[in-house]
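Residue strings, one per chain:
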Amino acid sequence: MKISNILMDKKPSVSFEVFPPKQETGLDDVKAAAGAIAALKPSFMSVTYGAAGSTSKLTIEVASDIKNLHGVTVLPHLTCVASSKEHVTNMLNQIRENNIDNIMALRGDLPKDGIICHDYAHASDLIRDIKAQAPDLCIGGACYPEGHVESAHKADDIHFLKEKVDAGCDFLTTQMFFDNNIFYNFLYRVKDEGINVPVVPGIMPITTAKQLSRSVQLSGTSVPERFKAIVDRFGDDPVSMRQAGIIYASEQIIDLIANGITHIHVYSMNKPDVAADILKNLKGIVS
Ligand code: FAD
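What comes next is a walk through the structure.

Quick look at the pattern of salt bridges
By the definition in use, this model includes 12 salt bridges. For K31, the salt bridge is made with E61, and the minimal N-O distance between the two is 3.3 Å. With a gap of 30 residues between them, K31 in helix α2 (residues 27-38) and E61 in helix α3 (residues 56-69) connect regions that are remote in the sequence. Judged by its relative accessible area of 22%, K31 is partly exposed. The class of E61 is partly exposed, set by a relative accessible area of 26%. For the salt bridge of K57 with E61, the shortest nitrogen-to-oxygen distance reads 3.6 Å. With K57 and E61 both in helix α3 and 4 residues apart, the pair spans about one turn of that helix. Ionic contacts of the salt-bridge type, sharing partners, join the residues E24, K31, K57, E61 and D65 into one network.

Some remarks on the pairing of strand β1 (residues 13-18)
Taken across its 6 residues, β1 has 6 buried, putting it largely inside the fold. Neither face of β1 is exposed, since S13, S15 and E17 on one face and V14, F16 and V18 on the opposite face are all buried. Once you follow β1 into α2 and on to strand β2 (residues 45-47), the crossover reads as right-handed.

Describing helix α11 (residues 272-281)
Where α11 is concerned, the buried positions are V274, A275, D277 and I278. In an axial view of α11, the angular spread of the buried residues amounts to 165 degrees, which keeps them on one side of the axis. Those residues of α11 hidden inside the fold are in contact with β1, α2 and α10 (238-258).

Examining the sheet that holds strand β3 (residues 74-79)
Pairing in this closed barrel of 8 strands is parallel, and the strands run β1-β2-β3-β4-β5-β6-β7-β8 around the ring. Neighbour-to-neighbour, the strand axes of this sheet turn through a mean angle of 30 degrees, independent of strand direction. In the packing of α3 onto the sheet, the strands contacted are β1, β2 and β3, and the crossing angle to β3 comes to about 165 degrees.

Regarding the packing of helix α6 (residues 154-166) against helix α7 (residues 180-192)
Contact geometry for α6 and α7: axes closest at 10 Å, N-to-C directions at 60 degrees. In this view, α6 runs oblique relative to α7, as classed from their interaxial angle. Note that α6 runs across α7; the crossing there is right-handed. Here α6 contributes K154, I158 and L161 to the contact with α7, which in turn contributes F186, R189 and V190.

Here's the deal with the site of the ligand
Taken together, 24 residues lie near the ligand, and Y49, D109, Y144, D157 and K164 sit nearest. In the model, an oxygen atom of the ligand is placed 3.2 Å from a nitrogen or oxygen of the S151 side chain. Measuring from an oxygen atom of the ligand, one finds a side-chain N or O atom of K164 at 2.8 Å. About the coverage of the ligand: the protein hides 84% of its 980 Å² of free accessible area. Those elements giving two or more residues to the shell around the ligand turn out to be β3, β4 (102-106), α6 and β6 (171-176). Ranked by residue count, the leading element in the shell around the ligand is α6, at 4 residues. Across the shell around the ligand, the residue classes break down as 8 nonpolar, 10 polar and 6 charged.

Calculation rules
Residues numbered from 1 in each chain as written. Predicted model: local features only at pLDDT ≥ 70, side-chain atom pairs only at ≥ 80, totals over all residues. Heavy atoms only, no water. Salt bridge = Lys/Arg side-chain N within 4 Å of Asp/Glu carboxyl O. Helix = DSSP H or I, 4+ residues; strand = E, 2+ residues; numbered from the N terminus. Buried < 20%, exposed > 50% of the residue type's maximum accessible area, 1.4 Å probe, protein only. Right-handed = clockwise from strand over helix to strand, strands pointing away. Arc of directions from axis to C-beta. Contact = heavy atoms within 4.5 Å. Pairing = 2+ DSSP bridges. Axes fitted to C-alpha atoms, helices over the stretch in contact; angles between N-to-C directions. Parallel < 35°, antiparallel > 145°, perpendicular 65-115°, else oblique. Left-handed = near helix turned anticlockwise from the far one by under 90°. Near = heavy atom within 4 Å. Polar contact = N/O pair within 3.5 Å; in protein donor to acceptor, adjacent residues only side chain to side chain. Areas by Shrake-Rupley, 256 points an atom, 1.4 Å probe, with all protein chains shown as cover. Nonpolar A, V, L, I, M, F, W, Y, C, P; charged D, E, K, R; others polar.

Honestly, it's all geometry; don't read function into it.
This is the structure in structure tokens:
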């Protein structure tokens, strides 16, 4: 099913993300985690794409299992920073062969070794090419409520976001945020720019202090005082930190739904137990 159709449903729903293993040896464990998350019946599941295309085959394998073995709508990611046009065509063929209807089209982070392929400069170039090669695919794109780390000005970022949507994006998913007001303000800026596709908020349940510092370092996401206090108080106690992090994420989701957002994407990081606990906290709220 196309995710654009799922997002038209007015009933609140949640989707989850998994990431493929770095090497083939970890594939069985990831498939088992993805299967356990699929058993929770999310509205869809996304499968990330390793930096610079390192996991392209495994991304498709995990995504195919989710769709064809577990019957859950799937969203494989694809990045273009190190991809040739030929590689993209090959990935699109594999997506078609596996009966997958959706793709998340990204530029990817600039590789530290500086080795890039110059076929696509930005995600919008990739989206344009996907639209031309596979017009039936539903295409997602990334957006950044606090601005992308490389952007000097938020206004430029929103301007380029509009260009990305005009290139053929059917929906957007946000970078994680820990303060819902940042997301609500972002929605106003998006509307002002004339962007009319659905914007799905991405929520990351933080279950360890280490996970928070790593995620914040990579994404530049700001951490509100309320959440800093939680990490200061519980960061050294794994059981309490896990519980507090799941409750914080659940409260963010409840607040989003209370404010009229119907669909939330959860960065569940291959953790079926975390995904299940979030859904338990949302019982009666999310279908
Ligand atoms: P773009 O939309 O190309 O934007 C990148 C930068 O270029 C921005 O600063 C933008 O303002 C600027 N820009 C855009 N167009 C132009 C233009 N025409 N001229 C000048 N500047 C321009 N990474 C992975 O490696 N694998 C994943 O699976 C993955 N999944 C993600 C999922 C989500 C929901 C999000 C939010 C991020 C994900 N990322 C993933 C990270 C993402 O690849 C990085 O944030 C990357 O640095 C930017 O990708 P993008 O698609 O947003 O790029």
